[in-house]
Amino acid sequence: MKFNVPEMSCGHCTAAIEKAVTAADPSASVACDLTERTVTVDSRLDDGAIQAALKGAGYAAQAA
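Criteria and thresholds
- Residues numbered from 1 in each chain as written.
- Predicted model: local features only at pLDDT ≥ 70, side-chain atom pairs only at ≥ 80, totals over all residues.
- Heavy atoms only, no water.
- Helix = DSSP H or I, 4+ residues; strand = E, 2+ residues; numbered from the N terminus.
- Buried < 20%, exposed > 50% of the residue type's maximum accessible area, 1.4 Å probe, protein only.
- Polar contact = N/O pair within 3.5 Å; in protein donor to acceptor, adjacent residues only side chain to side chain.
- Contact = heavy atoms within 4.5 Å.
- Salt bridge = Lys/Arg side-chain N within 4 Å of Asp/Glu carboxyl O.

Participant: I tried to follow the side chain of S43 on my own but got confused; where do I start?
Facilitator: Turning to its location among the elements, S43 is positioned in the loop between β3 (38–42) and α2 (47–56). Take S43: its relative accessible area is 18%, and that puts it in the buried class. Side-chain polar atoms of S43 contact the side chain of D25, separated by 2.6 Å. For S43, the side chain forms a polar contact with the main-chain nitrogen of L45, separated by 2.9 Å. Setting aside residues up to four positions removed in sequence, S43 forms contacts with M1, D25, A28 and I50.

Participant: What is the right way to look at the pattern of salt bridges in this model?
Facilitator: Oppositely charged side chains may form a pair once their charged atoms are brought near each other. Applying the stated criterion to the full structure yields one salt bridge. Note that D25 is salt-bridged to R44, the shortest N-O span being 3.5 Å. One end of the pair, D25, is in the loop between α1 (11–24) and β2 (29–33); the other, R44, is in the loop between β3 and α2, with 19 residues separating them in the sequence.

Okay, here's the thing in structure tokens:
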């Protein structure tokens, strides 16, 4: 799953996003691209659950 996260702008953002996603699914794989402002997630959760985790961390995300 790939998400556009326009508010992601620094290493602190990526760390918060990774922490939020892995809190929801400890086995998830998360890759953040600051240049493109995208997050790619490999998880057993559906995209809605991942978006909810990102929103909980303070980041609005849209499926890319």
